[in-house]
Amino acid sequence: MVSYVDYKKVPLKYTGQFRIFDEAAFAGMRKVCELAARSLDELIHIVKPGITTNEIDHFVFSFGADHGALPADLNYRGYMHSCCTSKNHVVCHGIPDDRPLREGDIVNIDVTYILDGWHGDSSRMYPVGIIKRAAERLMEVTHESLMKGIAVVKPGVHTGAIGAAIQLYAEAERCSVVRDFCGHGIGQIFHDAPNILHYGKSNDGIELRKGMIFTIEPMINLGKAEVKTLKNDWTAVTCDHSLSAQYEHTVGVTETGCEIFTLSPKNIFFYQI
């Protein structure tokens, strides 16, 4: 464990230890996460049939720049875009391109900004025009899975309780939970300890403590859980080509529960037609 005071004295790199942050850190996270949430709110007016994911990417960069923030994705481990855009059977890390979105598509847009040294990470699903009921239901199940995971967060419970709550709900709805990717600690490092699995048993993992900050970001498939990574070494897709969806919040553990830093300012985090 590293306290926030100690954290300011050590290099900003992954150590495998989870970090305990103070109120000043929470204030920094509120500011950057609110910016990420605002950008996702604005994208509701942009995601339409015919728009390209490159245009979405350009908006994410420009919105951040207009507010003094940088996209954390840009140049991260060689990634050359400002966000990830994962469409239909793409599970995560979809790369923006010049292909237009089509009526009936669903797309996850994952945005992380850096502001004053802090990282704000969030993602949402967007319907492109009128979508099929199966796709809409998958979005509903995925969003509810996220919120059920968040509901168990408080000091004293284990990280496994988050995954157990997500898995129990999603599988009861005849969907599957992707196991290849997880949530993560975040703060002045983009991806930090602890890992937050979206499946498991309630007593698995580490015990949560006040001051921890991390993301919860379940990926739920309409078909089987198995995924594969494409030759670009980034994009993961479902092996059975079934639809996949994801929602993500950044949260901080408080005395009695947690604070969701990435709540929509317009109260439209879960967007449907």
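Here, the structure is the one placed above.
In this report, we go over the structure that sits alongside the text. (Residues numbered from 1 in each chain as written. Predicted model: local features only at pLDDT ≥ 70, side-chain atom pairs only at ≥ 80, totals over all residues. Heavy atoms only, no water.)

## Points about the sheet that holds strand E14 (residues 236-238)
Here is step 1 of the chain: If you walk across this open sheet you meet the three strands as E5-E14-E13, and the pairing is antiparallel. Of all the strands in the sheet, just strand E5 (90-92) and strand E13 (227-229) have a single pairing partner and so form its edges. With strand direction ignored, the average angle separating the axes of adjacent strands in the sheet is 40°. (Pairing = 2+ DSSP bridges. Helix = DSSP H or I, 4+ residues; strand = E, 2+ residues; numbered from the N terminus. Axes fitted to C-alpha atoms, helices over the stretch in contact; angles between N-to-C directions.)

## Brief notes about the sheet that holds strand E15 (residues 244-246)
Here is step 1 of the chain: Strands sit in the order E8-E12-E15 across an open sheet of three strands; the sheet is antiparallel. With one partner strand each, in any of the chains shown, strand E8 (176-177) and E15 form the two edges of the open sheet.
Here is step 2 of the chain: Relative to strand E12 (residues 219-221), E8 runs antiparallel, the two sharing two bridges. The residue of E12 that forms the bridge with Val177 is Ile220.

## Some points on the pattern of salt bridges
Here is step 1 of the chain: Taken as a whole and assessed by the stated rule, the structure comprises 14 salt bridges.
Here is step 2 of the chain: For Asp97, the salt bridge identified is with Arg99, shortest N-O distance 2.5 Å.
Here is step 3 of the chain: Overlapping salt bridges bring together Glu23, Arg30 and Glu259 as one network. (Salt bridge = Lys/Arg side-chain N within 4 Å of Asp/Glu carboxyl O.)

## Observations regarding the packing of aromatic side chains
Think of a pair of aromatic rings as described by two things: how far the centres are apart, and how the planes are tilted against each other in angle.
Here is step 1 of the chain: Applying the stated criterion to the full structure yields six aromatic pairs.
Here is step 2 of the chain: Between Phe21 and Trp118, the ring centres sit 6.0 Å apart and the planes meet at 75°, which makes this aromatic pair edge-to-face. With a gap of 97 residues between them, Phe21 in the loop between strand E2 (19-20) and helix H2 (23-43) and Trp118 in strand E7 (residues 118-127) connect regions that are remote in the sequence. Taken individually, Phe21 and Trp118 each receive the classification buried, so the pair is uniform in this respect.
Here is step 3 of the chain: It is Arg179 that lies over the ring of Tyr199; its NZ or CZ is 4.8 Å from the centre. (Phe/Tyr/Trp six-rings, centres within 6.5 Å; stacked < 30°, edge-to-face > 60°. Buried < 20%, exposed > 50% of the residue type's maximum accessible area, 1.4 Å probe, protein only. Lys NZ or Arg CZ within 6 Å of the ring centre and 35° of its normal.)

## With respect to the pairing of strand E11 (residues 213-216)
Here is step 1 of the chain: Going residue by residue along E11, you find Ile213 and Thr215 tucked away on one face and Phe214 and Ile216 tucked away on the opposite face as well.
Here is step 2 of the chain: Taken together, the four bridges between E11 and strand E16 (residues 249-253) define a ladder with antiparallel strand orientation. Paired with Thr215 across the strands is Thr250, a residue of E16.

## A short note on the environment of Val157
Here is step 1 of the chain: When you line up the elements, Val157 lands in the loop between helix H4 (133-151) and helix H5 (159-172).
Here is step 2 of the chain: Placed 49 residues apart in sequence, Val157 and Ile206 show a C-alpha to C-alpha distance of 8.3 Å.
Here is step 3 of the chain: The residues contacting Val157, other than those within four sequence positions of it, are Val152, Ile206, Glu207 and Leu208. (Contact = heavy atoms within 4.5 Å.)

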